[in-house]
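Geometric and topological summary
Chain residues, written in single-letter form:
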Amino acid sequence: MHDDILDVRDIDALIASHRLNEALAALKAALAAQPRHLPFVTKQAEILRRLGRPAVAVALLKGALEKAPDALALRDALATCLRQSGKSTQSLAVCEETLALHPGHIPAVMARIDALIAAYRLDEALVAAKAARAAQPRHLPFTAKEAEVLRRLARPVEAVVLLERALEKTPGELVLRDALATCLRQSGESARSLAVSEATLALDPGHIPAAMARIDALIASHRLQEALAAVQAARAEKAGHLPFVAKQAEVLRRLGRPADAVALLERALEKAPDALALRDALAICLRQTGETARSLALSEETLASFPEHRPAAMARVDALIALGDQAGLEELAASIMAEPATGKHDPSKHVSDALILVRVLSALRSDNEVQLLKDAAGRLNSAARILPPDALWRIYLRADQLGFGASYRALLSDLLGRDRLPLGVCIGITEELYRNGSAEWQRIAARLKHHLTPLEHWHFRLVCIEIAEGAEAALTARRTGHRQGKPQETLLLQRLLMLTGRLRLASRYLRRACRRWPWHPGIFQAYLSMLIRAGALEELHSALHGDRPPSLDFRIAAACAWSEIGDLPAAEAIIHGIKDRQQRNRLDLILLSHYLRRGEIDRADTLSERVREALPRRSVLQSGPTINGLLQFDVELARRDGKSADARTYLSQAGAEIETWCRANPDGGSQARSDVPPQVMQYWDAPQPPDDIAALIEGWRQAPGVAHHRADRREAMTWLEAQLGLDWVKALRAARSPAEQSDYFRLAWLMLEGGLYVDCDDRLIGDLQSVFSKTRGLTVFIEPRGAISNNIVFAPPMHPAIVWAAHAARRALLERHSDNTWLKTGPGLLTRAVAWYLKEGTEGPRDIRILPRHVLGSWVQVHVPLPYKRTSNYWNAAERGAGSTATLLELAPSLLKGGPAPAA
């Protein structure tokens, strides 16, 4: 017997050193000599599980249990292997059967909690963990498990408090320290998490959970090179530990090296083909390398063997989304909804189905989207308690925007009744209430604060101040308030600085943030965007050409920046190198817009076919891509006209003409001959603009040496009648929106008076008198993708291009030519007018300069994202699909903390 114990210890030593294949060979030899020795069987199952072969381990254990059905060690091992093989329901059944025979059996209690977690039955898991801790207060793994459940319930701060109290009594307990490191990271305290992990490793250098927690903290802190070095060192020491392989693949993927991650995972899977964590990681990496079809095939292969494995099911959905397979997504949603809507038959499947359905519906943009979302209401309402809060909010918001938010009343009730809500959800609820003009938004926001962690209160408070009182007030509050210095808060400060017109200061702040968090893509993207807004092109080029992480997010940010400043070749070079199909499809829309507006029809045709095939039809036609759809229609009509097509009618012809001019005149054109009167006109349809707009208008009014005029709708009609006649007044009355009124009136005024027209949402940040002193002739600004902006236009009186545009706008409004404001009276019209003038205007040098839009950043901040634009009163709020929020307003006061008790 003594020799048997020594043999087991020898095997344990091999496992501890991760020499798993040697341990497995030794066990087989031992079992050949003693086939009925059950500790050898459980040990073999453990090794098989660690080697990523849980299904083989399950078969082994079931065979052994037929001969020894009461062996607790075998039953415990079986529950663990079933859970790891994705069969959480069967695992739970084994645990409960064991506990029926042996109610206090600790391994079975722990395995039952783990099975409940795996089935996403978190409320039940929390009850079970609390009961276990009450029954066994000295068994510290139950404390750690309760903290894990709290963390998974999005209550990490409570978990941190629980663990810190326990650690006061047993400060060296590793299981508590490991749990604390994880909870701190989830609560946003990555620095503290890292410190805890490193302190644990100082006590026990070979402690695997602490090593993994340290790597995760480095990733969360965007210190990816350090994370890679740490995981490589961990793998060198624990070569057989498969989670380290998956973690290294994750870091490589985040570093923009998905091909290296794929090669690493494929080598590991040759030795452990059933290792689910490796298969899940490989599916993600294949998708990022552009091998989405392989990713989908791998996920489906995994699901064929492990039908309950949720990560593979979610990876399949993500692959279908990346492929743009709307039919596949609809088919998946329909198959889920064909199942019984109750979870009694299989709670774990009920959970998985609900999570998958949410993901599918979030991505679905087909013609059947509305009906599917309506049909799913009953199922998702019944599953609300197990859905993550951000998913609940997305589903309710989408349903509300489509006009049936009340159908998701139960789902919203569950969300609002939770003790803790993510910061992003609280901000989303607040902004949605404000957007719809709710008088209750501030009272509800005050209650939402109680659902946040204390560390998030300051951030949420600043957001509320910015909405209620403006960005300047929020900045003032920040100077006297609490500061964390996290990336999330850095981006908030950048936004506040931008809203108050401090573009250069925001750029400098983000430059420092990039040095502090060099691997944070959001910081890098914000930095590039701010440099473009500020017109700091030299610094922008330095940032784009300098050393930067090769990860996908950074490359996308760089491609978008090159596109924004009109450098199409540089943007193309990056976009063509991106293999991730889902991201590439979105970037192809940018290229398509460039090609169409520049008149590069053949290139646009080729790309358009791929975009149509890859993206949902509604994604191609909605929002920004709407202009692409309009331009593609324009191209088809121009082709039908053939040689008779000209720039006055067709945008594709106009874009080609302007592109040719800009290439021949890189400085914008020869110095014009005619003077631009030093006067500014602005239009706002109502006599009294919103306060934030009035403040911007005042900045232009106070510019020294420049006359300022502002007209409302009544004043504009009076001026038009006096200067141009009743037909011009009728055209203004026919405008469909304040935007069309403004587009039309500016052209009429510039035609007769000349000067500068500027939109009311643009902020003056430079010396306007100096700008006028350097401006001659018609001066317009070209957008990155080829259209001429109409928000800022300098013109001498009676310039031919403006005269043509004003008459064309009047005719279009009176004859109701189009429902598209952009085309009828906006930039589309001005683009055609400029192109006509360049090609067919009066003979001699052209009295025009065409400059890139980004040069404006040195003296004007364009299209300031003011609070009024978030409200339903904004002229294009309907196009954004803002909902009514009636159900939200009905439920929030009674369900949020601090509200009155719900009515009986």
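Summarised in this report is the structure supplied together with it. (Residues numbered from 1 in each chain as written. Predicted model: local features only at pLDDT ≥ 70, side-chain atom pairs only at ≥ 80, totals over all residues. Heavy atoms only, no water.)

With respect to the overall build of the protein chain
- Across its full length, the protein chain carries 50 helices and eight strands.
- Counting every position in the protein chain, which comprises 904 residues, the buried fraction comes to 57%.
- Across the protein chain, every contact between residues at least 6 apart in sequence was considered, and the portion connecting residues at least 24 apart equals 67%.
- Surface exposure of the protein chain reaches about 38000 Å², of which carbon and sulfur atoms provide 52%. (Helix = DSSP H or I, 4+ residues; strand = E, 2+ residues; numbered from the N terminus. Buried < 20%, exposed > 50% of the residue type's maximum accessible area, 1.4 Å probe, protein only. Contact = heavy atoms within 4.5 Å. Areas by Shrake-Rupley, 256 points an atom, 1.4 Å probe, with all protein chains shown as cover.)

With respect to the pattern of salt bridges
- Taken as a whole, this structure holds 44 salt bridges when the rule is applied.
- Here arginine 155 ties to glutamate 158 by a salt bridge, and the two come within 2.8 Å at their closest N and O atoms.
- Looking at arginine 155, the relative accessible area reads 17%, which means it is buried.
- Since its relative accessible area comes to 26%, glutamate 158 is described here as partly exposed.
- A salt bridge links aspartate 260 to arginine 257; its shortest N-O distance comes to 2.9 Å.
- Aspartate 260 gets classed as partly exposed once you look at its relative accessible area, which sits at 37%. (Salt bridge = Lys/Arg side-chain N within 4 Å of Asp/Glu carboxyl O.)

Brief notes about the packing of aromatic side chains
- Scanning all chains against the criterion turns up eleven aromatic pairs.
- A ring pair is formed by tryptophan 519 and phenylalanine 554, whose centres lie 6.4 Å apart and whose planes are at 70 degrees; its orientation type is edge-to-face. Here phenylalanine 554 lies in helix H34 (residues 552-564) and tryptophan 519 lies in the loop between helix H31 (503-516) and helix H32 (521-533), a separation of 35 residues in the sequence.
- Overall, phenylalanine 554 belongs to the buried group, its relative accessible area being 2%.
- With a centroid separation of 6.3 Å and 85 degrees between ring planes, the pair formed by tryptophan 700 and tryptophan 859 is classed as edge-to-face. Highlighted residues: tryptophan 700 in helix H41 (residues 691-701) and tryptophan 859 in the loop between strand E7 (848-852) and strand E8 (860-861), separated in sequence by 159 residues.
- Judged by relative accessible area, tryptophan 700 falls into the buried class, the value being 0%.
- Through a chain of ring-to-ring contacts, three or more aromatic side chains come together here, namely Trp700, Phe772, Phe794 and Trp859.
- Cation over ring: arginine 810 sits above tryptophan 728, and NZ or CZ is 5.1 Å from the ring centre. (Phe/Tyr/Trp six-rings, centres within 6.5 Å; stacked < 30°, edge-to-face > 60°. Lys NZ or Arg CZ within 6 Å of the ring centre and 35° of its normal.)

What about helix H40 (residues 651-664)?
- Its 14 residues place the ends of H40 20 Å apart at the C-alpha level, agreeing with the 20 Å of an ideal helix rising 1.5 Å per residue.
- Every buried residue belonging to H40 is among Leu651, Ser652, Ala654, Gly655, Ile658, Glu659 and Trp661, and all of these are buried. (Expected span 1.5 Å × (residues − 1).)

Focus on the environment of arginine 832
- Relative to the helices and strands, arginine 832 resides in helix H48 (residues 827-840).
- With relative accessibility at 10%, the residue arginine 832 sits in the buried group.
- With 45 residues separating them in the primary sequence, arginine 832 and alanine 787 have C-alpha atoms 9.0 Å apart.

Section: the packing of H32 against H34
- For the pair H32 and H34, the least separation of the axes is 9 Å and the interaxial angle reads 10 degrees. As far as their axial angle goes, H34 and H32 are roughly parallel. For the pair H32 and H34, the contacting residues are Pro521, Phe524, Gln525, Leu528 and Ile532 in the first and Asp553, Phe554, Ala557, Ala558, Ala561 and Glu564 in the second.
- Looking at side-chain class alone, the contact of H32 with H34 contains eight nonpolar, one polar and two charged residues. (Axes fitted to C-alpha atoms, helices over the stretch in contact; angles between N-to-C directions. Parallel < 35°, antiparallel > 145°, perpendicular 65-115°, else oblique. Nonpolar A, V, L, I, M, F, W, Y, C, P; charged D, E, K, R; others polar.)

Considering the packing of H34 against helix H35 (residues 568-575)
- Direction vectors running N to C along H34 and H35 enclose 160 degrees, while the axes themselves pass 7 Å from each other. Relative to H35, the element H34 lies roughly antiparallel. The crossing of H34 and H35 is left-handed. Contacts from Arg555, Ala558, Ala559, Trp562 and Ser563 of H34 reach H35 at Ala570, Ala571, Ile574 and Ile575.
- Each residue belonging to the contact of H34 with H35 can be placed in one class, and the counts come to seven nonpolar, one polar and one charged. (Left-handed = near helix turned anticlockwise from the far one by under 90°.)

Thoughts on the pairing of strand E6 (residues 792-795)
- Of the two faces of E6, both are covered, the one formed by Ile792 and Phe794 as well as the one formed by Val793 and Ala795.
- Note that strand E3 (residues 755-758) and E6 share four bridges and pair antiparallel. Its bridge partner lying in E6, leucine 756 is registered against phenylalanine 794. (Pairing = 2+ DSSP bridges.)

Observations regarding the nonpolar core
- Counting residues in each nonpolar core, the largest one holds 129 residues, and the members touching the most others are Leu380, Tyr408 and Phe460.
- Ranked by the residues each element gives to this core, the list is headed by helix H21 (residues 347-363), at nine residues.
- Contacts of phenylalanine 460, omitting those with residues within four sequence positions, involve Leu423, Cys426, Ile427, Thr430, Ala445, Leu448, Lys449 and Leu452. (Core = buried A, V, L, I, M, F, W, Y, C linked by side-chain atoms within 4.5 Å.)

A look at H31
- Taking 1.5 Å as the rise per residue, H31 with 14 residues should run 20 Å; its terminal C-alpha atoms sit 20 Å apart, in good agreement.
- Where H31 is concerned, the buried positions are Leu503, Ala506, Ser507, Tyr509, Leu510, Ala513 and Cys514. Each buried residue of H31 lies within a common arc of 165 degrees when the element is viewed along its axis, so the set occupies one face. Opposite the buried face of H31, at more than 90 degrees from it, the exposed residues are Arg515 and Arg516.
- Looking at the buried side of H31, the elements it contacts are helix H29 (471-479), helix H30 (487-499), H32 and E8. (Arc of directions from axis to C-beta.)

Re the side chain of arginine 420
- Structurally, the position occupied by arginine 420 is in the loop between helix H25 (409-416) and helix H26 (423-435).
- With no salt bridge to any partner, buried arginine 420 finds its closest opposite charge in glutamate 158, at an N-O distance of 4.3 Å.
- Within the structure, the side chain of arginine 420 is placed 3.3 Å from the backbone oxygen of histidine 450, a separation counted as a polar contact.
- The contact partners of arginine 420, leaving out residues within four places of it in the chain, are Ala154, Arg155, Glu158, His450, His451, Leu452, Thr453 and Lys897. (Lys, Arg positive; Asp, Glu negative; His and termini not counted. Polar contact = N/O pair within 3.5 Å; in protein donor to acceptor, adjacent residues only side chain to side chain.)

As for a positive patch on the surface
- Taken together, the side chains of Arg504, Arg508, Arg512 and Arg515 define a basic patch exposed on the protein surface.
- Structurally, arginine 512 is set in helix H31.
- The partly exposed category is assigned to arginine 512, whose relative accessible area is 46%. (Patch = residues over 30% accessible without salt bridge, like charges linked within 9 Å, V, L, I, M, F, W, Y side chains within 5 Å. Charge placed at Lys NZ, Arg CZ, Asp CG, Glu CD.)

Thoughts on unusual backbone geometry
- Even without glycine at this site, histidine 222 takes up a positive phi of about 60 degrees.
- Residue placement: histidine 222 occurs in the loop between helix H13 (208-220) and helix H14 (224-237).
- Of note, the phi angle at histidine 863 is positive, near 50 degrees, even though the residue is not glycine.
- Here histidine 863 lies in the loop between E8 and helix H49 (877-880).

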